[in-house]
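A look at the structure
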Amino acid sequence: METSITFLGSTKPSLSSLAPSSNVLHRRLRRVFPVPALKLKKVSVLPRISHRNCLIRAQCSDGLGPVEDDGFVLEDVPHLTNFLPDLPSYPNPLKESQAYAIVKRTFVSSEDVVAQNIVVQKGSKRGVHFRRAGPRERVYFRSDEVKASIVTCGGLCPGINTVIREIVCGLYNMYGVTNILGIEGGYRGFYSKNTMTLTPKVVNDIHKRGGTFLQTSRGGHDTAKIVDNIQDRGINQVYIIGGDGTQKGAEKIYQEVERRGLQVAVSGIPKTIDNDIAVNTAVSVLLAYVDLWSVILLRVAYGNINLSVGFIAMIATLANRDVDCCLIPESPFFLEGKGGLFEFIEQRLKENRHMVIVIAEGAGQDYVSQSMRASETKDASGNRLLLDVGLWLTQQIKDHFTNVRKMTINMKYIDPTYMIRAIPSNASDNVYCTLLAQSAVHGAMAGYSGFTVGPVNSRHAYIPISRVTEVTNTVKLTDRMWARLLASTNQPSFLTGEGALQNVIDMETQEKIDQMKISSI
């Protein structure tokens, strides 16, 4: 059996952060690819395509026929040695750590990967994999030479303070790093000289508070000025906590750092209330509001969740059986005619004499913009500013039932936006945030850069920042999770009916779009 390896998009074709000899690579390959009697046939290195697409593919052959491609793809993250090949490495200080003294396997092997897809069929290709997160045996920073910085950008979200705390404590307690700066007020804090020194004592109890200890802002990203400041201050590790817009900025910072040839590890920590570190907390808080309204409402209750995608709206609806209808931006709806929302509301009122509707902020934006004749605008971070669909839909329901159906209804409207965003994280999310923070610290110390950390099939992995900012993560209408919600609420799908012609989804197109997304649902 022979194997040929083709490396795409890396100037250092290595499965580990070091450049191994062919014998070492041979031994490692035998552990990665479970095939008998592997013999290294050929290693071909292609020109560096882009740090955005650092892929490693494996092919095996028994020598009797054409090369067989088993479909294994490692979507790798950049490493400092890609552009600083002579960078020295050091033994990981965790070897002497009391906390890790009883751990049987302290370090993550360079061959440990996490599969993107775990549901496969016989004969399926092995598919895309990501590097498993965790401490490596060798690090590329001396602890006494590390000068780290932490910044939070964008909107608020439960768990930000927990991430800040655990990055500081992880650097201090695991690696002996004592020089840590907090950048205040978002990206502009880099060049506005707004900083504070962070120690375990300073951040000791910040996880009990909502918001962000370092303050935040939207916009203010100036790549050149930020990297100039990083270089002037001697910062060599940057931890950037934020959502899609923030991570796109982190990618630009990494690119500029690489262009200048600086030994600076750039790590992104995902912060979004839509589908990352705050799902459990946000859902539990939202459930409290749904529970409250389902008890006190006599006719129609309407709750508005201030979100641009429908994950939390969907999960909260599934977790609370008092919700009658959930409207999300991924599933277009219509108001009038057979099969429309008005018909469903009237039907449910006649049956139960009350109703609870949960709606995500991004839902119905086309209706609202047409009604208000509003043009699309963006905030300082470049995000689309969404119109208030809650107030609009509330008025539409009132007008229809009062003027058209001549029915008396009592509507209540609540917008719990920052009552969800600005609270401390709960126990589950605190644990999750700790894993994110510690994984980011391990990755930066190991010399990885231009990466973000997140769970892939319940295992934390290092993912290229460019990968997570390619598309917005959305609810897949073709997945079973949305079908479960429809079965739970018994609400219409809004895909058929008199008013649905302009909203009917081309299911083949939807399927193609869905396959491009990464979903943890």
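Refer to the preceding data block for the structure.
Residues numbered from 1 in each chain as written. Predicted model: local features only at pLDDT ≥ 70, side-chain atom pairs only at ≥ 80, totals over all residues. Heavy atoms only, no water.

A word on the overall build of the protein
For the record, the criterion: Secondary structure elements follow DSSP: runs of H or I no shorter than four residues count as helices, runs of E no shorter than two count as strands, and numbering proceeds from the N terminus. Three exposure classes are used, based on accessible area relative to the maximum for each residue type with a 1.4 Å probe and protein chains only: buried under 20%, partly exposed in between, and exposed over 50%. By definition in these notes, contact holds between two residues if any of their heavy atoms fall within 4.5 Å. Note that accessible areas follow from Shrake-Rupley with a 1.4 Å probe, and for residues the cover is restricted to the protein chains shown.
What the protein contains, in helices and strands, is 14 helices and 19 strands. Here the protein holds 521 residues, and 54% of them are scored as buried. Put simply, 78% of the contacts in the protein that link residues at least 6 apart link residues at least 24 apart. Taken as a whole, the protein presents about 23500 Å² of accessible surface, with 49% of it coming from carbon and sulfur.

Focus: the packing of aromatic side chains
Here is the rule we go by: For this analysis, a ring pair means two rings from Phe, Tyr or Trp (six-membered ring only for Trp) whose centres lie within 6.5 Å, classed as stacked if their planes differ by under 30 degrees, edge-to-face if by over 60, and tilted for the remaining angles. Here, a charge over a ring means that NZ of Lys or CZ of Arg falls within 6 Å of the ring centre while also lying within 35 degrees of the ring normal.
Taken as a whole, this structure holds seven aromatic pairs when the rule is applied. Where Phe 333 meets Tyr 367, the ring centres are 5.8 Å apart and the plane angle is 45 degrees; that geometry is what we call tilted. On the criterion of sequence distance, the pair formed by Phe 333 in the loop between strand 15 (325-327) and helix 7 (341-352) and Tyr 367 in helix 8 (residues 365-372) is long-range, its members being 34 residues apart. When the ring of Phe 334 is compared with that of Phe 494, the centres are 5.9 Å apart and the planes differ by 80 degrees; the resulting orientation is edge-to-face. Remark: Phe 494 occurs in the loop between helix 13 (480-489) and helix 14 (507-515) and Phe 334 occurs in the loop between strand 15 and helix 7; sequence separation between them is 160 residues. Overall, the relative accessible area of 2% leaves Phe 334 in the buried class. Over the aromatic face of Tyr 90 sits the side chain of Arg 142, whose NZ or CZ is 5.6 Å from the ring centroid.

Some thoughts on the packing of helix 3 (residues 223-233) against helix 4 (residues 244-260)
What counts, and what does not: Note on definitions: angles span 0 to 180 degrees between N-to-C directions of axes, and those axes are lines fitted to C-alpha atoms, for helices only across the stretch in contact. Orientation categories follow fixed angle ranges, with anything under 35 degrees roughly parallel, anything over 145 roughly antiparallel, 65 to 115 roughly perpendicular, and all other angles oblique. Here is the rule for handedness: rotate from the far helix to the near one, and if that takes an anticlockwise turn smaller than a right angle the crossing is left-handed, while a clockwise turn gives right-handed.
Close contact between helix 3 and helix 4 brings their axes to 10 Å; oriented N to C, the two are set at 60 degrees. If you check the angle between helix 3 and helix 4, you find them oblique. Crossing of helix 3 over helix 4 shows right-handed handedness. The segment helix 3 lies against helix 4, with Thr 223, Ala 224, Ile 226, Val 227, Asp 228, Ile 230 and Gln 231 engaging Lys 252, Ile 253, Glu 256, Val 257 and Arg 260.

Brief notes about the pairing of strand 10 (residues 180-183)
Filter applied, for reference: Here a strand pair is declared whenever DSSP counts at least two bridges between the two strands.
Residues of strand 10 alternate between two faces, with Ile 180 and Gly 182 on one and Leu 181 and Ile 183 on the opposite face, all of them buried. Pairing between strand 9 (residues 148-152) and strand 10: four bridges, direction parallel. Across the sheet, residue Ile 150 finds its bridge partner in strand 10, namely Gly 182. Here strand 10 runs beside strand 11 (residues 195-197); their pairing, made up of three bridges, is antiparallel. Bridge pairing in strand 11 links Ile 183 to Thr 195.

Some details on the environment of Asn 236
We apply this condition: By the criterion applied in these results, polar contacts are pairs of N or O atoms within 3.5 Å in which, for protein atoms, one can donate a hydrogen and the other can accept it, and in which residues neighboring in sequence qualify only through two side-chain atoms.
On the secondary structure map, Asn 236 appears in the loop between helix 3 and strand 12 (237-242). With 88 residues separating them along the chain, Asn 236 and Ala 148 place their C-alpha atoms 6.1 Å apart. In this structure, Asn 236 is in contact with Phe 141, Glu 145, Val 146, Lys 147, Gln 263, Val 264 and Ala 265, ignoring residues within four places of it in sequence. A polar atom in the side chain of Asn 236 sits 2.8 Å from the backbone nitrogen of Lys 147.

Examining the nonpolar core
Our working definition: Each nonpolar core is a collection of buried residues, namely Ala, Val, Leu, Ile, Met, Phe, Trp, Tyr and Cys, held together in the definition by side-chain atoms within 4.5 Å.
Membership of the largest hydrophobic core comes to 68 residues, with the highest contact counts inside it found for Ile 150, Ile 167, Tyr 239 and Ile 253. The greatest single-element share of this core, amounting to nine residues, is contributed by helix 2 (residues 160-175). Other than its neighbours up to four places away in sequence, Ile 150 contacts Ile 164, Ile 167, Val 168, Ile 180, Leu 181, Gly 182, Ile 183, Leu 198, Leu 214, Tyr 239 and Ile 241. In terms of nonpolar packing, the next biggest core, distinct from the first, is built from 23 residues, Leu 327, Leu 341, Phe 342 and Trp 392 among them.

Here's the deal with helix 9 (residues 389-404)
Quick reminder: α-helices carry 3.6 residues per turn. Residues three or four places apart thus point the same way. What counts, and what does not: Given a helix with a known number of residues, its expected span is that number minus one, times 1.5 Å.
Taking 1.5 Å of rise per residue, the 16 residues of helix 9 would be expected to cover 22 Å, and the 21 Å separating its terminal C-alpha atoms lies within 8% of that figure. Looking at helix 9, one finds that the buried residues are Val 389, Gly 390, Trp 392, Leu 393, Thr 394, Ile 397, His 400 and Phe 401.

Things to note about helix 6 (residues 311-319)
For helix 6, the tally of buried residues reaches seven of nine residues, placing the bulk of the element in the interior. Among the residues making up helix 6, those that are buried are Phe 311, Ile 312, Ala 313, Met 314, Ala 316, Thr 317 and Leu 318.

Quick notes on the side chain of Thr 434
Along the polypeptide, Thr 434 turns up in helix 11 (residues 427-445). Within the local environment of Thr 434, its side chain forms a polar contact with the backbone oxygen of Asn 430, the two atoms lying 2.8 Å apart. Among all residues touching Thr 434, those that are not within four sequence positions of it are Thr 162 and Glu 166.

A closer look at unusual backbone geometry
Here the phi dihedral of Asn 457 falls at roughly 55 degrees; this positive angle occurs in a residue that is not glycine. Residue placement: Asn 457 occurs in the loop between strand 18 (451-456) and strand 19 (459-464). We classify Asn 457 as partly exposed; its relative accessible area is 34%. In this model, Asn 490 sits at a positive phi of 60 degrees, which is unusual for a non-glycine residue. Structurally, Asn 490 is set in the loop between helix 13 and helix 14.

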